[in-house]
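Observations on chain architecture
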Amino acid sequence: MVPLGFKLIDVFLKAGFELRELVIKRQHNCKTTGFWYTNSVKYNFLLLAHEYLPIFQKPVLPALPIVKETATPSRLVLPKKARLRKTPHFKDFETTTVWVLPEDRFDEQLNSNVVARYGEGKDASTIAFMTADSDRTTKKGLSSPKNKHLLFAKSPLLKTEPSRYDIHQYLKAIAELADFASSTLQPGGFLVIQTEDVRIDNYLEPLAKRIVEVTATSNLWLKEIVALVRNGHTSDKQNETVTYLDKIHEYLLVYEQIQGGSTHISTNGDS
């Protein structure tokens with residue numbers, strides 16, 4: 001997977017624009033039965049079923065520079081390990097890059113889909129990234145037996161209105177996870193990262209794009225980018241005066257450990 005949409009966003013951000021919104025457009029013309037379903041499962045690939053509609057805004061610069069004194073950040077991003085088991089009665093594989101899952105069973109069905117598709121039906125390890133006060137918690141490094149087939153990373157800290165410092169620490173922890181997975185996963189194994197964009201100062205921080213960038217030097221290849229949508233989600237905005245869109249999508253970034261630990265190659269196309 002070559003993330004051309006993320007590369008386009010990067011061009012505008014480097015030119016000085018701010019990302020105001022990132023809309024996911026779903027394509028409804030992807031066949032998910034018969035030939036395509038069979039081959040999607042057989043060769044373990046998803047049909048591209050989403051496009052990006054980024055909305056940029058030229059920022060208004062203040063007349064005079066504003067200097068703000070800030071306290072030294074004290075929070076760390078910590079990985080917490082657990083076991084992840086597939087729920088029973090799983091029948092159908094997802095075959096496109098858009099997964100619409102029920103709101104009331106979102107995590108349960110997401111876990112089942114990920115384990116069934118990328119874990120060969122086996123138990124997998126999950127890692128949850130969360131914040132903690134550095135003066136109260138000792139940061140523990142990642143450790144796990146080698147030859148794992150699936151590591152599934154979740155990001156609950158992104159639900160807690162993270163600061164820019166939290167985001168910086170989060171991306172640093174993700175880069176460490178990618179290096180850890182490169183040496184831990186067996187050939188053909190997968191690292192799956194669940195993440196989402198966050199809004200800071202009314203602008204979006206495109207974290208899926210940032211993660212693709214910080215993991216580019218690992219020995220993992222980006223296999224899929226999946227858009228996650230909660231079916232049944234209702235907006236909490238009650239009036240029309242809100243000037244930004246309600247964000248209802250998340251992402252799965254699926255990385256594969258290539259046979260022999262091949263070096264990652266960055267290209268400039270989309271396929």
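What counts, and where the lines are drawn
Residues numbered from 1 in each chain as written. Predicted model: local features only at pLDDT ≥ 70, side-chain atom pairs only at ≥ 80, totals over all residues. Heavy atoms only, no water. Helix = DSSP H or I, 4+ residues; strand = E, 2+ residues; numbered from the N terminus. Buried < 20%, exposed > 50% of the residue type's maximum accessible area, 1.4 Å probe, protein only. Contact = heavy atoms within 4.5 Å. Areas by Shrake-Rupley, 256 points an atom, 1.4 Å probe, with all protein chains shown as cover. Axes fitted to C-alpha atoms, helices over the stretch in contact; angles between N-to-C directions. Parallel < 35°, antiparallel > 145°, perpendicular 65-115°, else oblique. Left-handed = near helix turned anticlockwise from the far one by under 90°. Nonpolar A, V, L, I, M, F, W, Y, C, P; charged D, E, K, R; others polar. Polar contact = N/O pair within 3.5 Å; in protein donor to acceptor, adjacent residues only side chain to side chain. Patch = residues over 30% accessible without salt bridge, like charges linked within 9 Å, V, L, I, M, F, W, Y side chains within 5 Å. Salt bridge = Lys/Arg side-chain N within 4 Å of Asp/Glu carboxyl O. Core = buried A, V, L, I, M, F, W, Y, C linked by side-chain atoms within 4.5 Å.

From N to C terminus, the protein chain includes 5 helices and 11 strands. Residue burial in the protein chain is summarised as follows: out of 271 residues, 42% are buried. Across the protein chain, contacts joining residues at least 24 apart in sequence account for 86% of those joining residues at least 6 apart. Within the structure as shown, the protein chain displays about 15300 Å² of accessible surface, and the carbon and sulfur contribution to it stands at 52%.

Two elements in contact, helix α4 (residues 164–184) and helix α5 (residues 207–214), have axes whose closest approach is 9 Å; the angle formed by their N-to-C orientations is 45 degrees. With respect to α5, the element α4 is oriented oblique. With respect to the hand of their crossing, α4 and α5 are arranged in right-handed fashion. Across from Ile167, Tyr170, Leu171, Ile174 and Ala175 in α4, the residues of α5 making contact are Leu207, Arg210, Ile211 and Val214. The class makeup of the residues in the contact of α4 with α5 is 8 nonpolar, no polar and 1 charged.

Right, let's talk about the environment of Ser155 for a bit. As for its position among the elements, Ser155 is in the loop between β6 (148–154) and α4. It is 8.8 Å that separates the C-alpha atoms of Ser155 and Tyr170, two residues lying 15 residues apart in sequence. Look past the residues within four positions of Ser155 in its chain and what remains in contact with it is Phe129, Tyr170, Gln194 and Thr195. A distance of 2.7 Å separates the side chain of Ser155 from the side chain of Tyr170, its partner in a polar contact.

Among the surface-exposed residues, Leu8, Val11, Phe12 and Phe17 lie close enough to one another that they form a single nonpolar patch of about 330 Å² accessible area. If you trace the backbone, Phe17 turns up in the loop between α1 (4–14) and β1 (18–26). By relative accessible area, which is 30% here, Phe17 ends up partly exposed.

Once that is clear, we can look at unusual backbone geometry. Residues apart from glycine generally show negative phi values, whereas peptide bonds are mostly found in trans. Although it is not a glycine, Glu161 adopts a positive phi angle of roughly 50 degrees. Among the residues examined, Glu161 registers a relative accessible area of 74% and is labelled exposed.

This next bit is on the side chain of Ser125. Mapping Ser125 onto the fold places it in strand β5 (residues 124–133). Since its relative accessible area comes to 11%, Ser125 is described here as buried.

Moving on, we get to the nonpolar core. With 41 residues, the main nonpolar core has Phe129, Tyr170, Leu191, Ile193, Ile211, Leu253 and Tyr255 as its most contacted residues. Here this core takes 9 residues from α4, the largest share from any one element. Among all residues touching Leu191, those that are not within four sequence positions of it are Leu151, Leu177, Ala178, Ala181, Leu185, Leu220, Leu253, Val254 and Tyr255. If you look at the next biggest cluster of nonpolar residues, it comprises 17 residues, including Trp99, Val114, Leu228 and Val254.

Here the focus is the pattern of salt bridges. Taken as a whole and assessed by the stated rule, the structure comprises 12 salt bridges. Across the pair Glu21 and Arg199 runs a salt bridge whose closest N-O atoms are separated by 3.0 Å. Of this pair, Glu21 sits in strand β1 while Arg199 sits in strand β8 (residues 198–200), and the two are 178 residues apart along the sequence. Measuring nitrogen to oxygen at the nearest pair gives 3.7 Å for the salt bridge that ties Asp201 to Arg164.

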